[in-house]
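Report on the structure
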Amino acid sequence: MSVALASSSIPSSTRQEPLRVMVVDDSVVIRGMISRWISSEPDMVVAASLRTGLEAVNQIDRVNPDVAVLDIEMPELDGIAALPKLLAKKKNLAVIMASTLTRRNAEISFKALSLGAADYIPKPESTREASAADNFHYDLIQKIRNLGAKARRAAPVVHAPAAPHVQDLRPAPALRPAAAPMPTQTLPAAALARRAFSSQMPKVLLIGSSTGGPQALMAVVTELGAVIDRFPVLITQHMPPTFTTILAEHLARSSRRPAHEAVDGEVIKPGQIYLAPGGRHMRVARHGADAVIALDNGPPVNFCKPAVDPLFTSAVDIWQGSTLAVILTGMGSDGMRGGKDIVAAGGSVIAQDEATSVVWGMPGAAANAGICAAILPLNQIAPKLVRLFAGDRS
């Protein structure tokens, strides 16, 4: 029996008034499909369905959306040109860039993140491929819901005009079991339980991230310096193929250290940043005296592939209590279960704090589970890691 994207995962801030979503795409098929999906959700409405970036810029004041799903390639004004104009008119607008999986579009999506886009989403090459369309549907709705809720919390109170009636917005078929409810922080950050850092010297750095992760990863690796020279760094970022190729190149430039998509069977060495390739889980395994990369083409974990939990859990078998993990911004709870395994083996987990996270899902799940030794603003994470790998246990 199929189960809809249930309202149990809806952040409380969106339950009173539906999120207003502006869909901007020159394809009438894509606009119609996305509009039907949005209209089938109880906590969001289609505020406008537009063909070009120019229409979006001209109508944003009237439409007053919380979220814009913005295509990259459009006539008159493309997505990357429209983005800064939209944000200039509405600072707290959450913009999700949508593009097909080409290298050019991946590069443009990374540029859009640097210009203020909240996130990106890859469009399937063909909507006739059921699995690709299902993944696109699920991911898009979750991104709209989470990013829209945060944008609304940050925005001043404005009485929005009523959403225009849109014809033929029939409910789409249900897709997947409902995602687990987003953790909410009911206590001040200072009141959340902390564990002592491991008494063992860390031998590896593991990082998991999702929504907002590319920007957060750049901020962290830029400041790690000699930590990367002396210890291996393994990263799982929720991201599709091609995008991970570009991300690895950006990580190499930011860190000024070698960074690449991990290769199955390669020996894990200090001085390298290993990134899980899109569409494959990255685990670690023992091969003789060496720790090696083990790529896994199994089913998604926590609706993600690659997922963070397989990396974290497998690392315990290799490094036991010398495992140090960081969970950065992202939706859902991926990394929390693997983090529990790391802590049970004597290792340590650090989470990004809510204020600096684009979405406090993954780090919030770890923080509320009581497995973290520290919950830190993004700009304090790298300095803390440098001290820990230098022998500081506080």
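Attention now moves to the sheet that holds strand β3 (residues 67-71). The strand order across the open sheet built from five strands is β2-β1-β3-β4-β5, with neighbouring strands paired in parallel fashion. Only two strands of the sheet have a single neighbouring strand rather than two, namely β2 (44-50) and β5 (119-123). Averaged over all pairs of adjacent strands, the angle between strand axes in this sheet comes to 25 degrees, irrespective of strand direction. Bridge count for β3 against strand β4 (residues 94-100) is five bridges, and the pairing is parallel. Looking at β4, one finds that Val69 is bridged to Ile96. Lying over the sheet, helix α1 (residues 28-39) contacts β1 (19-24), β2, β3 and β5, oriented at roughly 165 degrees with respect to β2. Strands in contact with helix α4 (residues 103-114) are β4 and β5; relative to β4, the strand with the most contacts, it is inclined by about 170 degrees.

Here we come to α1. Each α-helix winds once per 3.6 residues, and so residues spaced three or four apart point in a common direction. Here α1 spans 16 Å end to end across twelve residues, near enough to the 16 Å set by a 1.5 Å rise per residue. For α1, the complete set of buried residues consists of Ile30, Arg31, Gly32, Met33, Ile34, Ser35, Trp37 and Ile38.

Note on pairing: side chains with opposite charge can pair once their charged atoms come close. In the structure shown here, the tally under the stated rule is eleven salt bridges. Among the salt bridges present, the one from Lys123 reaches Asp71, with a minimum N-O distance of 3.0 Å. Taken as a pair, Lys123 in strand β5 and Asp71 in strand β3 lie far apart in primary sequence, 52 residues in all. Accessibility assignment for this pair places Lys123 and Asp71 in one class, buried. Linked through salt bridges whose partners overlap, the residues forming this network are Asp25, Asp71 and Lys123.

The next thing to look at is the packing of aromatic side chains. This structure, assessed with the given rule, holds five aromatic pairs. Ring centres of Phe110 and Phe243 lie 6.4 Å apart, and the angle between their planes is 35 degrees; this geometry places the pair in the tilted category. Of this pair, Phe110 sits in helix α4 while Phe243 sits in helix α8 (residues 243-255); the two residues are 133 residues apart in sequence, bridging distant segments of the chain. With respect to burial, Phe110 and Phe243 carry one shared label: buried.

This next bit is on the confidence of the model for the protein chain. When pLDDT is averaged across the protein chain, the result is 88; 86% of the residues are at 70 or more. Here residues 1-9 is a poorly scored stretch, pLDDT under 50, and it has 28 contacts once near neighbours within four places are set aside; other chains count. Residue range residues 159-186 is modelled with pLDDT below 50. Its contacts to residues more than four positions away, or to other chains, number 68 contacts.

Let us look at the sheet that holds strand β7 (residues 233-237). Within the open sheet, the seven strands sit side by side as β8-β9-β7-β6-β12-β13-β14. Their pairing is parallel. Both outer strands of the open sheet, β8 (259-261) and β14 (374-376), are each paired with one neighbouring strand and no more. Mean inter-strand twist for the sheet, computed between neighbouring axes without regard to direction, equals 20 degrees. Pairing analysis gives three bridges linking β7 to strand β9 (residues 273-275), with the strands arranged parallel. Each bridged residue has a counterpart across the sheet, and for Leu234 the counterpart in β9 is Tyr274. The sheet contacts of helix α9 (residues 308-319) involve β6 (204-209), β7 and β12 (323-327), and relative to β6 the element is tilted by about 165 degrees.

This next bit is on helix α3 (residues 79-89). For α3, every residue scored as buried is listed here: Gly79, Ile80, Ala82, Leu83, Leu86 and Leu87. Projection of α3 onto a plane perpendicular to its axis shows the buried side chains occupying an angular sector of 145 degrees, all on one side. Buried positions along α3 lie against β1, α2 (53-63), β3, β4 and α4.

Working note: a packed helix pair is described by the angle between its axes plus the distance between those axes. The interhelical angle for the contact between helix α6 (residues 213-222) and α8, taken along N-to-C directions, is 30 degrees, at an axis separation of 8 Å. By the angle between their axes, α6 is roughly parallel relative to α8. Note on packing geometry: the crossing formed by α6 with α8 is right-handed. Facing α6, whose interface residues are Pro214, Leu217, Met218, Val221 and Thr222, α8 presents Leu247, His250, Leu251, Ser254 and Ser255. Looking at the contact of α6 with α8 residue by residue, the classes come out as six nonpolar, four polar and no charged.

Before going further, it helps to examine the pairing of β3. Among the five residues of β3, five are classified as buried, and the element is accordingly described as predominantly covered. Neither face of β3 is left uncovered, since the one carrying Val67, Val69 and Asp71 and the one carrying Ala68 and Leu70 both have all their residues buried. One ladder, built from four bridges, connects β1 with β3; its direction is parallel. The residue bridging Val23 from the neighbouring strand is Val69, located in β3. Remark: the β3/α3/β4 crossover connection has right-handed handedness.

Quick look at unusual backbone geometry now. For the peptide bond that leads from Lys305 to Pro306, omega is 15 degrees, which places it in the cis range. Here Pro306 is to be found in the loop between β11 (290-296) and α9.

Within the element layout of this structure, Ser198 appears in the loop between α5 (130-154) and β6. Polar side-chain contacts of Ser198 include one of 2.8 Å to the backbone oxygen of Gly346. Other than its neighbours up to four places away in sequence, Ser198 contacts Gly321, Gly346, Gly347, Ser348 and Arg393.

Calculation criteria
Residues numbered from 1 in each chain as written. Predicted model: local features only at pLDDT ≥ 70, side-chain atom pairs only at ≥ 80, totals over all residues. Heavy atoms only, no water. Pairing = 2+ DSSP bridges. Helix = DSSP H or I, 4+ residues; strand = E, 2+ residues; numbered from the N terminus. Axes fitted to C-alpha atoms, helices over the stretch in contact; angles between N-to-C directions. Contact = heavy atoms within 4.5 Å. Expected span 1.5 Å × (residues − 1). Buried < 20%, exposed > 50% of the residue type's maximum accessible area, 1.4 Å probe, protein only. Salt bridge = Lys/Arg side-chain N within 4 Å of Asp/Glu carboxyl O. Phe/Tyr/Trp six-rings, centres within 6.5 Å; stacked < 30°, edge-to-face > 60°. pLDDT = per-residue confidence, 0-100. Arc of directions from axis to C-beta. Parallel < 35°, antiparallel > 145°, perpendicular 65-115°, else oblique. Left-handed = near helix turned anticlockwise from the far one by under 90°. Nonpolar A, V, L, I, M, F, W, Y, C, P; charged D, E, K, R; others polar. Right-handed = clockwise from strand over helix to strand, strands pointing away. Polar contact = N/O pair within 3.5 Å; in protein donor to acceptor, adjacent residues only side chain to side chain.

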